[in-house]
Amino acid sequence: MSSFGGFNSAASTPGVARKEDVMQQVKQELALANAQELINSINKQCYKMCIPSPGTSLSSSEQASLSRCMDKYLASWDTVSRAYVAR
Amino acid sequence: MEAFDQATQQELKKFVEQETQKAQMQQTIHEFTGRCWESCITQAKSNQLDSKETACLQNCVNRFVDTSVFIVKRLQNIQQ
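Residues numbered from 1 in each chain as written. Chains lettered and ligands numbered in written order. Predicted model: local features only at pLDDT ≥ 70, side-chain atom pairs only at ≥ 80, totals over all residues. Heavy atoms only, no water.

Within an unreviewed UniProt entry, the label attached to chain B reads Mitochondrial import inner membrane translocase subunit, and the organism entered is Coemansia pectinata. Taken directly from UniProt, the Subunit (unreviewed entry) text for chain B runs: "Heterohexamer." Taken from UniProt, the Subcellular location (unreviewed entry) comment for chain B reads in full: "Mitochondrion inner membrane". (UniProt positions renumbered as here; feature names shortened; annotations may be inferred.)

The name an unreviewed UniProt entry gives chain A is Mitochondrial import inner membrane translocase subunit, with Coemansia pectinata as the organism. Regarding chain A, the UniProt comment filed under Sequence similarities (unreviewed entry) reads as follows: "Belongs to the small Tim family." Of the comments in the UniProt record for chain A, the one headed Subcellular location (unreviewed entry) reads "Mitochondrion inner membrane".

Caption draft 1: Broad picture of the confidence of the model for chain B. Per-chain confidence: chain B averages 93 in pLDDT, with 98% of residues scoring 70 or above. Model confidence for the complex: the whole-complex pTM is 0.82, and ipTM, which rates the interface, is 0.85. (pLDDT = per-residue confidence, 0-100.)

Caption draft 2: How the structure looks around helix α2 (residues 60–85) of chain A. Between its first and last C-alpha atoms α2(A) spans 38 Å; for 26 residues at 1.5 Å apiece the expected length is 38 Å, and the two agree. Within α2(A), burial applies to Glu62(A), Ser65(A), Cys69(A), Lys72(A), Tyr73(A), Ser76(A), Trp77(A), Thr79(A), Val80(A), Ser81(A) and Ala83(A). (Helix = DSSP H or I, 4+ residues; strand = E, 2+ residues; numbered from the N terminus. Expected span 1.5 Å × (residues − 1). Buried < 20%, exposed > 50% of the residue type's maximum accessible area, 1.4 Å probe, protein only.)

Caption draft 3: Main features of the nonpolar core. In terms of nonpolar packing, the biggest core is built from 21 residues, with Cys69(A), Val80(A), Ile41(B), Leu57(B) and Val61(B) touching the most fellow members. Listing elements by their share of this core, those giving two or more residues are α1 (14–50) and α2 of chain A together with α1 (6–40) and α2 (51–79) of chain B. Among residues more than four places away in sequence, those in contact with Cys69(A) are Cys46(A), Met49(A), Cys50(A), Trp37(B) and Ala44(B). Among the nonpolar cores identified, the runner-up in size contains five residues, and Val22(A), Val26(A), Phe4(B) and Leu12(B) belong to it. (Core = buried A, V, L, I, M, F, W, Y, C linked by side-chain atoms within 4.5 Å. Contact = heavy atoms within 4.5 Å.)

Caption draft 4: View of a nonpolar patch on the surface. All names here are of chain B. Together, Phe-70, Ile-71, Leu-75 and Ile-78 line one region of the surface with nonpolar side chains, adding up to about 420 Å² of accessible area. Examined against the element boundaries, Leu-75 turns out to sit in helix α2. The exposure class assigned to Leu-75 is partly exposed, which follows from its relative accessible area of 47%. (Patch = residues over 30% accessible without salt bridge, like charges linked within 9 Å, V, L, I, M, F, W, Y side chains within 5 Å. Areas by Shrake-Rupley, 256 points an atom, 1.4 Å probe, with all protein chains shown as cover. Salt bridge = Lys/Arg side-chain N within 4 Å of Asp/Glu carboxyl O.)

Caption draft 5: Looking closely at the packing of aromatic side chains. The final tally for this structure, using the stated rule, is three aromatic pairs over all chains. Their ring planes at 50° and their centres at 5.1 Å tell us that Tyr73(A) and Trp37(B) sit as a pair that is tilted. Separated into two different chains, Tyr73(A) in helix α2 and Trp37(B) in helix α1 make up a pair that spans both. Classification of Trp37(B) as buried rests on a relative accessible area of 2%. Consider the rings of Tyr84(A) and Phe32(B), whose centres lie 5.2 Å apart with planes at 65°: the pair is edge-to-face. Of the two residues, Tyr84(A) sits in helix α2 while Phe32(B) sits in helix α1, which places them in two different chains. Through a chain of ring-to-ring contacts, the aromatic side chains of Tyr84(A), Phe32(B) and Phe64(B) assemble into a single cluster. (Phe/Tyr/Trp six-rings, centres within 6.5 Å; stacked < 30°, edge-to-face > 60°.)

Next up, the structure:
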């Protein structure tokens, strides 16, 4: 029984392996939350920018706009991150 | 399941605090990015930021932080 997603600890020092499992678990969950936040933001902003009137499917120009928008959003995140950290 | 020993518990506690701080910082950056995107980026004609957009994003972050500092200082003055 493991509440940590089935990590198998075959280490000879089980105490050490479990501590690292916990740390790994925490990091993974926080990374996942961060990724989900990013996806939600991109979805919201890029839908707004690229799909002014929703049709019955995504046209190729809408898809191209979404790709450009995504790239731009990631670049913006990076720029904002650097500016904030520099303060 | 055996409990972790005292030393390990302390180490894990410190680790979780550090990771939480990092996560809070990232959350702040998400908020800033959303806000500053709305102020600065009006279209997706290219997949790159031009120099105006970059400058706008940087200004946005700095002015928002300045605003925060300004408000706190003024509140402190009012209270004195």
